Amino acid sequence: MNKKIPAFIAAFGLIAVIALSGCGSASNGQSPSNTSSSSNSSQSSTSQSYTGSGSSQSSTGSSSSSSIDQQVTTIEQQLNDQFNALNTAQQNANSNASFQSTETQP
Amino acid sequence: MNKLRFLAIPFFSAIVLAATIFGQGTTAYAASGCGQNLQCVITFGNTQIADRLTKLGALLTKLEADTKITPTQVQAIEHDINQNIDGLKQLQVKLDNETTVTAARADVKNIYEQYRIYAVVLPLAYHEVWMDHLINLNSKLVTTEPVLQTLIQNEANKGINVSQEQAELADFTSKVTDMGNQLNSAEGLVPQITPAGFPGTTTLLKNFRADLQQAHQDAVGAYADFKAILTGFGLK
């Protein structure tokens, strides 16, 4: 019986040491764990950003052909407008192309 | 009958003589009809100045309404025109205050020799406007070239025969390049065309105009190629 008491105390002490040690390790582990979690979410966020960029590129790529068609149609309209103005400018220049060299003086 | 003939000869002679005198009188008024009449010379000069101011003002109105040339291009031409307008107005004030025919005649002479509005300023300005339009159009055509290349490549990737469109693009590129060269040549002439350079400016203006005409033709040709490419791909 007397021999059982020190064994009980030793076992209890061991449990206490393990428990305290566990607390410490839990405490130590929590921060890296949080950091790790935070880092993961950050990576996830970065990854999402890349995904977004990728989908944007994909969108551009898939509409490339129709985009060019649209572009040339727009360019044609712009060129039409520029030519109309150009022809007016040419007509005005033609009306002032005599380069009069003689003018009457009193 | 004989009497009629006798009367008709002096009658028609009188008409011919009157016409001759009247004609000479008109020419004389324009050329030197004012004689020593100071007010006549001043009035003549004021009329000449007013005509020029009206035409310069009309050019300014056209410039302000032009949306296809840049504000910087407009301002450059406006600056020259406004300088001429200011100068003519100052000359008009001077002329109005002259007290001798000699001084008034010298002022009137300056309307021509100092300003050359009809012979140099207006032709140059209107041709500069035309040139600016061509420069802007040339820039647009240059940026259009890679778009056409992509368009043709896209069609080629689909297995479509694009040899015709490639030939049209080559012609387009050639015309746009020549257009740029003509415009460079034209731009180089502008600083040489000044009222002080008259009458040598007449040849320079002709060369300037010839460059612009060629650039214009190139632009029309390039645009025809552009439209032919679009038509070839069913985009028109």
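One can find the structure itself at the top, above this paragraph.
No experiment lies behind these values; they were computed from the predicted model shown.

1. A few points about the environment of B:Lys175
Residues and elements named next belong to chain B.
Logical step 1: Note that Lys175 resides in helix α6 (residues 163-189).
Logical step 2: Taking the C-alpha atoms as reference points, Lys175 and Leu141, 34 residues apart in sequence, are found 9.8 Å from one another.
Logical step 3: Setting aside residues no more than four positions away along its own chain, Lys175 makes contact with Asp218, Gly221, Ala222 and Asp225.

2. Brief notes about helix α3 (residues 71-96) of chain B
Residue and element names in this part refer to chain B.
Logical step 1: Taking 1.5 Å per residue, 26 residues should reach 38 Å; α3 reaches 36 Å between its end C-alpha atoms and fits that length.
Logical step 2: Along α3, the positions that sit buried rather than exposed are Gln73, Val74, Ile77, Glu78, Ile81, Asn84, Ile85, Gly87, Leu88, Leu91 and Leu95.
Logical step 3: On its buried side, α3 packs onto α2 (38-65), α4 (101-115) and α5 (117-157).

3. Quick look at the packing of aromatic side chains
The description of an aromatic ring pair uses the distance of the two centres, along with the angle that the planes make with each other.
Logical step 1: Under the defined criterion, the tally for this structure stands at 2 aromatic pairs over all chains.
Logical step 2: Ring geometry for A:Phe83 versus B:Tyr223: centroids 4.7 Å apart, planes at 20 degrees, classification stacked. Pair noted here: A:Phe83 is in helix α2 (residues 64-95) and B:Tyr223 is in helix α7 (residues 201-232), and the two residues belong to different chains. Like A:Phe83, the residue B:Tyr223 is buried in the burial classification.
Logical step 3: With a centroid separation of 6.1 Å and 15 degrees between ring planes, the pair formed by B:Tyr223 and B:Phe226 is classed as stacked. A residue pair is termed a helical-turn pair when its members lie 3 or 4 positions apart in one helix, as B:Tyr223 and B:Phe226 do in helix α7 at 3 residues. Here the two residues B:Tyr223 and B:Phe226 agree in accessibility, since each one is buried.
Logical step 4: Three or more aromatic residues link up through ring pairs in this structure, and these residues are A:Phe83, B:Tyr223 and B:Phe226.

4. Here we look at the state of the cysteines
All names here are of chain B.
Logical step 1: Inspection of the entire model under this criterion finds 1 disulfide over all chains.
Logical step 2: Disulfide partner of Cys34: Cys40, at an S-S distance of 2.0 Å. An S-S torsion of about -65 degrees defines the bridge between Cys34 and Cys40 as left-handed. Per residue, the accessibility class of Cys34 equals that of Cys40, and both read buried.

5. A word on the environment of B:Thr194
Residue and element names in this part refer to chain B.
Logical step 1: Relative to the assigned elements, Thr194 resides in the loop between α6 and α7.
Logical step 2: Judged by its relative accessible area of 31%, Thr194 falls in the partly exposed class.
Logical step 3: C-alpha of Thr194 to C-alpha of Leu124: the two residues are 70 residues apart in sequence and 8.8 Å apart in space.
Logical step 4: Apart from the residues lying within four places of it in its own chain, the contact partners of Thr194 are Val120 and Thr201.

6. A few points about the packing of α2(B) against α4(B)
The description of two helices packed together rests on the angle between their axes and the distance between the axes.
Residue and element names in this part refer to chain B.
Logical step 1: Packing of α2 against α4 leaves a shortest axis separation of 9 Å and a crossing angle of 15 degrees. Considered as vectors, α2 and α4 are oriented roughly parallel to each other. The two elements α2 and α4 meet at a crossing, and its hand is left-handed. Contact with α2, carried on its side by Leu38, Val41, Ile42, Phe44, Gly45, Gln48, Ile49 and Arg52, involves Val101, Ala104, Arg105, Val108, Ile111 and Tyr112 of α4 and no other residues of that element.
Logical step 2: In terms of residue class, the contact of α2 with α4 is made up of 10 nonpolar, 2 polar and 2 charged.

Calculation rules
- Residues numbered from 1 in each chain as written.
- Chains lettered and ligands numbered in written order.
- Predicted model: local features only at pLDDT ≥ 70, side-chain atom pairs only at ≥ 80, totals over all residues.
- Heavy atoms only, no water.
- Helix = DSSP H or I, 4+ residues; strand = E, 2+ residues; numbered from the N terminus.
- Contact = heavy atoms within 4.5 Å.
- Expected span 1.5 Å × (residues − 1).
- Buried < 20%, exposed > 50% of the residue type's maximum accessible area, 1.4 Å probe, protein only.
- Phe/Tyr/Trp six-rings, centres within 6.5 Å; stacked < 30°, edge-to-face > 60°.
- Disulfide = S-S within 2.5 Å.
- Axes fitted to C-alpha atoms, helices over the stretch in contact; angles between N-to-C directions.
- Parallel < 35°, antiparallel > 145°, perpendicular 65-115°, else oblique.
- Left-handed = near helix turned anticlockwise from the far one by under 90°.
- Nonpolar A, V, L, I, M, F, W, Y, C, P; charged D, E, K, R; others polar.

These figures come from the coordinates and say nothing about function on their own.
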